[in-house]
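Each chain, letter by letter, is given below.
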Amino acid sequence: MHSYTLIAPAKINLYLEIVGDRPDGYHELVMIMQSVGLSDRLTLRPNGAEEFRLYCADPRVPADNTNLAYRAATLMAGQFPKVFANLGGVDISIEKNIPIAAGLAGGSADAAAVLVGLDLVWNLGLTRPELQALAARLGSDIPFCVAGGTAMATGRGEILDPLPDLDGLWVVLAKYNSLAVSTYWAYSAYRECFQENYISSPEGVRSRLSEVSSGNLVRAIARKDGVAIGQLLHNDLEKVVLPEYSLVVELREVLARSGGLGTMMSGSGPTVFTLCRSREEAIAIRDNARQVLPDPDLEFWVAPLCTSGIQVSSEM
Ligand code: C5P
């Protein structure tokens, strides 16, 4: 058996629309998800034991089954009990680079890497759809984290339709270290404020999905038209998160005035991103925002949009 190191990229939402309620308590969504080159690095080493052990230098990352990466491992053990009994568990080391509770799917990316990594360590030969079906049982964003690139995501977020790659563009990501938003809270607050606007009939939901999938943003992505993409960024969750977080509003305004292609909050926030034409433009926008908002609690990352999901970086 081999050990594997995997690269797990973060995601941003170029588009997030809450369409309606679902009988399972989740929301029916239409999203356009995009991988960005800000990545965690996970190493999975066979440990010959009847358990999984998780290590992370960041004390905010739990090492038990409250961690999605740990839950991904136990899900795989439950799915393949004979393989687990014969080959044993793995030690999972996580080098955490994606900020936590940031709207960037950091925990989901780690879980996706564990699914892909255990498939390799145990030599299971699972197909992409099989891995994505397991991923969907753990969390709504995890199937996308397995696939990566640019994709339309519907249902809870787990039904994926790939879109043309958006390489060449860059983002500045910005987040106050001390702020964290609960995704559960954001969706619950949205339901409380906007439930009367929800589309309730299945036909209504289907027609909204087809409107978005043939709409301007998807067409702009197909043309790789960064200017149009920047103008069409959208996130319904801004309506509930921004009123609660004045620092994020101010940060968003500073970035939006900075000359990039467009600025938006990612997922349930509080990370804000600005889409940029180049790495140079992203660095200039970051430097300007740092000068205007000189707060040591405010952290920035410059990253390219990327075309892949979980990548194996080495086999030992
Ligand atoms: O699927 P995941 O565990 O990442 O979702 C976190 C929370 O976000 C859920 O508990 C739910 O409250 C909310 N959510 C939702 N509708 C979705 C996805 C997430 O209401 N489609």
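Note that the structure is a prediction, hence the values are computed from the model and not measured.

## Thoughts on the overall build of the protein chain
Helices and strands together make up the secondary structure of the protein chain, namely twelve helices and twelve strands. For the protein chain, whose C-alpha radius of gyration is 19 Å, the value lies close to the compact-globule estimate of 20 Å for 316 residues. Its C-alpha atoms give the protein chain principal-axis dimensions of about 55 × 50 × 35 Å. Taking all 316 residues of the protein chain together, 56% fall into the buried category. By element, 50% of the accessible surface of the protein chain is carried by carbon and sulfur atoms, the whole surface being about 13,500 Å². Each charge class in the protein chain can be summarised by its mean position, and for the 26 positive and 36 negative side chains these summaries are 2 Å apart.

## Some words on the pattern of salt bridges
A side chain with one charge can pair with a side chain of the opposite charge if their charged atoms come near. Inspection of every chain in the model, using the stated rule, returns 16 salt bridges. Linking R53 and E51 is a salt bridge whose minimum nitrogen-to-oxygen distance equals 2.8 Å. With relative accessibility at 28%, the residue R53 sits in the partly exposed group. Note that D110 and K96 form a salt bridge whose closest N and O atoms lie 2.9 Å from each other. Here K96 lies in the loop between β4 (90-95) and α3 (106-121) and D110 lies in helix α3, a separation of 14 residues in the sequence. Accessibility assignment for this pair places D110 and K96 in one class, buried. A network of salt bridges, in which partner residues are shared, links E17, R208 and E211.

## A word on the side chain of K96
What makes K96 buried here is its relative accessible area of 18%. Polar contacts involving the side chain of K96 include one to the side chain of D40, which spans 2.5 Å. Side-chain polar atoms of K96 contact the side chain of D110, separated by 2.9 Å. If we ignore the near neighbours within four places in the chain, the residues touching K96 are D40, C56, D58, V61, G106, G107 and D110.

## Considering the site of the ligand
Close to the ligand lie Y26, H27, L29, G139, S140, R156, T183, Y184 and Y187, which account for all nearby residues. At a separation of 2.6 Å, an oxygen atom of the ligand approaches a polar side-chain atom of S140. Within the backbone of R156, an N or O atom sits 2.9 Å from a nitrogen atom of the ligand. In the complex, 77% of the free accessible area of the ligand, which totals 450 Å², lies under the protein chains. Of all the secondary structure elements, the ones that give two or more residues to the shell around the ligand are β2 (27-46) and α6 (183-194). Class assignment of the residues belonging to the shell around the ligand gives a composition of four nonpolar, four polar and one charged.

## A few points about the confidence of the model for the protein chain
Confidence in the prediction for the protein chain averages 96 pLDDT; 100% of positions are at 70 or higher. Reported confidences for the modelled complex are a pTM of 0.96 and an ipTM of 0.97.

## Section: the UniProt feature "domain: GHMP kinase N-terminal" (unreviewed entry) in the protein chain
As annotated in UniProt, the feature "domain: GHMP kinase N-terminal" (unreviewed entry) corresponds to residues 67-149 in the numbering used here. Within residues 67-149, the helical portion is 63% and the strand portion 7%, while the C-alpha atoms at the span's ends are 24 Å from each other.

## As for the environment of A180
Secondary-structure assignment places A180 in the loop between β7 (170-176) and α6. For A180 and E130, which are 50 residues apart along the polypeptide, the C-alpha to C-alpha distance reads 32 Å.

## Things to note about the packing of aromatic side chains
All told, the structure shown has six aromatic pairs when counted by the stated rule. Relative to W122, the ring of F52 has its centre 6.3 Å away and its plane inclined at 50 degrees; by these criteria the two rings are tilted. Here W122 lies in the loop between α3 and α4 (128-138) and F52 lies in the loop between β2 and β3 (53-56), a separation of 70 residues in the sequence. Accessibility assignment for this pair places F52 and W122 in one class, buried. Ring geometry for Y190 against F194: centres 4.7 Å apart, planes inclined by 40 degrees, an arrangement best described as tilted. With Y190 and F194 both in helix α6, this residue pair falls four residues apart, about one helical turn. Note on Y190: relative accessible area 4%, which makes it buried.

## Description of the UniProt feature "domain: GHMP kinase C-terminal" (unreviewed entry) in the protein chain
Residues given the UniProt feature "domain: GHMP kinase C-terminal" (unreviewed entry) here are residues 218-294. Strand forms 14% of residues 218-294 and helix 53%; the C-alpha atoms that close the span are 37 Å apart.

## Quick word on the packing of helix α1 (residues 68-79) against α3
Viewed as axis vectors pointing N to C, α1 and α3 meet at an angle of 30 degrees, and their least axial separation amounts to 7 Å. It follows that α1 is roughly parallel to α3 by the angle criterion. Of the two elements, α1 crosses α3, and the hand of that crossing is right-handed. In this structure, α1 uses L68, A69, A72, A73 and M76 to contact α3, whose residues at the interface are G107, S108, D110, A111, V114, L115, L118 and D119. Taken together, the residues of the contact of α1 with α3 break down into nine nonpolar, two polar and two charged.

Definitions and cut-offs
Note that residues are indexed from 1 along each chain, following the sequence as it is written. Residues qualify for local features only when their pLDDT is at least 70, as the model is predicted, and side-chain atom pairs are given and counted only at 80 or more; totals for whole chains, interfaces and linings, by contrast, use all residues. Hydrogens and water are ignored here; the side-chain numbers use all heavy atoms of the structure. The helix count covers DSSP runs of H or I at least four residues long, the strand count covers runs of E at least two residues long, and both are numbered beginning at the N terminus. The quantity called the radius of gyration is restricted to C-alpha atoms. Its globule counterpart is 2.2 Å times the number of residues to the power 0.38. Partly exposed residues are those whose accessible area sits between 20% and 50% of the maximum for their type, while under 20% is buried and over 50% is exposed, using a 1.4 Å probe and protein chains only. For accessible areas, the Shrake-Rupley method is used with a probe of radius 1.4 Å. Any residue's cover is judged against the shown protein chains and nothing else. The sign given to each residue is positive for Lys and Arg and negative for Asp and Glu; His and the chain ends receive no count. Charge positions are represented by NZ for Lys, CZ for Arg, CG for Asp and CD for Glu. When a carboxyl oxygen of Asp or Glu is within 4 Å of a side-chain nitrogen of Lys or Arg, the pair counts as a salt bridge. We call two N or O atoms a polar contact when they sit within 3.5 Å, provided that within protein one can donate a hydrogen and the other can accept it, with sequence-adjacent residues counted only if both atoms are side-chain atoms. Between two residues, a contact is recorded if the distance between any of their heavy atoms is within 4.5 Å. Proximity criterion: a residue is near a molecule or strand once any of its heavy atoms comes within 4 Å of it. Gly is put with the polar residues, along with every residue not named as nonpolar or charged; the nonpolar set is Ala, Val, Leu, Ile, Met, Phe, Trp, Tyr, Cys and Pro, and the charged set is Asp, Glu, Lys and Arg. Confidence of the predictor in every single residue is expressed as pLDDT, which spans 0 to 100. UniProt positions are given in the numbering used here, feature names are shortened, and annotations may be inferred rather than shown by experiment. Here is the rule: rings of Phe, Tyr and Trp (six-membered ring for Trp) pair when centre to centre is within 6.5 Å. Planes less than 30 degrees apart are stacked, more than 60 are edge-to-face, and the remainder are tilted. Fitted lines through C-alpha atoms give the axes, limited to the stretch in contact for helices. The angle between two N-to-C directions lies from 0 to 180 degrees. Relative orientations are named as follows: roughly parallel for angles under 35 degrees, roughly antiparallel for angles over 145 degrees, roughly perpendicular for angles from 65 to 115 degrees, and oblique for any other angle. Take the far helix as your reference; a near helix turned counterclockwise from it by less than a right angle gives a left-handed crossing, and one turned clockwise gives a right-handed crossing.

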